[in-house]
Amino acid sequence: MTAQPPAPSPRPEPSAELRASHDDREAVVEQLRDAAAEGRIDFEELDTRLEQALSSKTHGELAVLTADLPRPDAAASQPPLVLKGGLHGASRGPGRWEVPGHVIAHGGLGGAKVDFSRVECRLTEVTVEAYGEMSGVTIVIPDGWAADTSGLDPALGGLTDKTTPDRLPGTPLIRLTGSGGTGGVAIRHPNRRERRKLERNPAQGQEPPAPFRRR
């Protein structure tokens, strides 16, 4: 087995005087919204903090707004998970696995599948970089998760998006990028067969999926 390279050291916290970017402010806004959805702050306080976040100019001003909230999951700083379909295919899931902030899937000749249906993910966003290549990539997300597929180039194989736009509070947004290649990329919720397996063997502490209804 090839030894894995050591994980990169965590990034140092930016200086409090450093100017904040639009992305820095948006990250704090998302953290505040998640905190409100979890009941950590009420909606009146959320409105106040959101207004302050959007007008903050430095990292120090932003840090004050989230100082009493849990820090974002360390998974966001993990190296990307890379799946390569190769000749025989590759998959991750549907078992419990730690989700990093970035997943890269290559369909290759055997195809690749990324199944999030049993995971617990506290990240606000997960980027899935999918390359359909010859045999395609399939991504399965639980009900209540949503996907933004605007960053993916359909290419010859195309994009099949069977997800619903209804995102539950506290769930991540899957931001799909990459290219469909010739095999295509598909993103969906669990199908009937997968739902039956989940219902027969739900993960500990996890509710079985809602019954499937044809749309």
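The rules behind these values
- Residues numbered from 1 in each chain as written.
- Predicted model: local features only at pLDDT ≥ 70, side-chain atom pairs only at ≥ 80, totals over all residues.
- Heavy atoms only, no water.
- Pairing = 2+ DSSP bridges.
- Helix = DSSP H or I, 4+ residues; strand = E, 2+ residues; numbered from the N terminus.
- Salt bridge = Lys/Arg side-chain N within 4 Å of Asp/Glu carboxyl O.
- Buried < 20%, exposed > 50% of the residue type's maximum accessible area, 1.4 Å probe, protein only.
- Axes fitted to C-alpha atoms, helices over the stretch in contact; angles between N-to-C directions.
- Parallel < 35°, antiparallel > 145°, perpendicular 65-115°, else oblique.
- Left-handed = near helix turned anticlockwise from the far one by under 90°.
- Contact = heavy atoms within 4.5 Å.
- Nonpolar A, V, L, I, M, F, W, Y, C, P; charged D, E, K, R; others polar.
- pLDDT = per-residue confidence, 0-100.
- Core = buried A, V, L, I, M, F, W, Y, C linked by side-chain atoms within 4.5 Å.
- Arc of directions from axis to C-beta.
- Patch = residues over 30% accessible without salt bridge, like charges linked within 9 Å, V, L, I, M, F, W, Y side chains within 5 Å.
- Areas by Shrake-Rupley, 256 points an atom, 1.4 Å probe, with all protein chains shown as cover.

**Some remarks on the pairing of strand β5 (residues 125-131)**
Where a strand is regular, its side chains alternate between the two sheet faces. In this structure, strand β3 (residues 102-106) lies alongside β5, joined through 5 bridges in parallel fashion. The residue bridging His106 from the neighbouring strand is Tyr131, located in β5.

**Concerning the pattern of salt bridges**
Counting across every chain of the model gives 10 salt bridges. The shortest N-O distance in the salt bridge between Arg175 and Glu125 comes to 2.7 Å. Taken as a pair, Arg175 in strand β9 (residues 173-179) and Glu125 in strand β5 lie far apart in primary sequence, 50 residues in all. Here Arg175 falls in the partly exposed class, since its relative accessible area comes to 28%.

**Overview of the environment of Phe43**
If you trace the backbone, Phe43 turns up in helix α2 (residues 43-55). The spacing of Phe43 and Arg33 is 10 residues in sequence and 9.1 Å in space, taken between C-alpha atoms.

**Focus: the sheet that holds β9**
Spatial strand order, β1-β3-β5-β9-β7: 5 strands in an open sheet with parallel pairing. Of all the strands in the sheet, just β1 (81-84) and β7 (146-153) have a single pairing partner and so form its edges. Within the sheet, the average angular offset between the axes of one strand and its neighbour, ignoring direction, is 15°.

**Regarding the packing of α2 against helix α3 (residues 59-66)**
Axes are the key here: two packed helices are described by the angle between their axes and the distance separating the axes. Two numbers describe how α2 lies on α3: the axes approach to 9 Å, and their chain directions differ by 165°. The angle between α2 and α3 places the two elements in the roughly antiparallel class. Where α2 crosses over α3, the two elements pack in a sense that is left-handed. Together, Arg49, Gln52, Ala53 and Ser55 of α2 and Glu61, Leu62 and Leu65 of α3 make up the contact between the two elements. For the contact of α2 with α3, the residue count by class is 3 nonpolar, 2 polar and 2 charged.

**Section: the confidence of the model for the protein**
Averaged over every residue, the pLDDT of the protein is 85; residues scoring 70 or more account for 84%. In the model, residues 1-11 has pLDDT below 50 throughout and makes 2 contacts with residues more than four positions away in sequence or in other chains.

**Quick word on the packing of helix α1 (residues 22-37) against α2**
As a packed pair, α1 and α2 sit with axes 10 Å apart at the nearest point and diverge in direction by 175°. Between α1 and α2, the angle falls in the class roughly antiparallel. Packed against α1, whose contacting residues are Arg25, Val28, Val29, Leu32, Arg33 and Ala36, the element α2 presents Phe43, Leu46, Arg49, Leu50, Ala53 and Leu54 at the interface. Residue composition of the contact of α1 with α2, by class: 9 nonpolar, no polar and 3 charged.

**A look at the nonpolar core**
When a protein is soluble and globular, its nonpolar side chains tend to lie buried together. Judged by nonpolar contacts, the single largest core of 24 residues is most densely connected at Phe116, Val126, Val128, Ile139, Ile174 and Leu176. Here this core gets 3 residues from one element, more than from any other, and that element is β5. Apart from residues lying up to four places away in sequence, Leu176 is in contact with Val128, Ala130, Ile139, Asp148, Thr149, Gly151, Leu152, Leu159, Val185 and Ile187. Counting 13 residues, the second-largest nonpolar core is a separate cluster that includes Ala20, Leu32, Ala53 and Leu65.

**A word on α3**
Every buried residue of α3 is listed here: His59, Leu62, Leu65 and Thr66. Projection of α3 onto a plane perpendicular to its axis shows the buried side chains occupying an angular sector of 115°, all on one side. Against α1 and α2 lie the buried residues of α3.

**As for the side chain of Thr58**
Mapped onto the secondary structure, Thr58 falls in the loop between α2 and α3. Filtering out sequence-adjacent residues up to four positions away, Thr58 remains in contact with Ala16, Glu17, Leu18, Arg19 and Ala20.

**Focus on the sheet that holds strand β10 (residues 185-188)**
The strand order β2-β4-β6-β10-β8 describes an open sheet built from 5 strands, whose pairing is parallel. Because the sheet does not close on itself, it has two edges, and the strands there are β2 (90-92) and β8 (159-161). Each adjacent strand pair in this sheet contributes to an overall mean axis angle of 5°, direction not counted.

**With respect to a nonpolar patch on the surface**
Together, Leu87, Leu109 and Met134 make up an exposed nonpolar region whose accessible area comes to about 350 Å². Mapped onto the fold, Leu87 is located in the loop between β1 and β2. With relative accessibility at 63%, the residue Leu87 sits in the exposed group.

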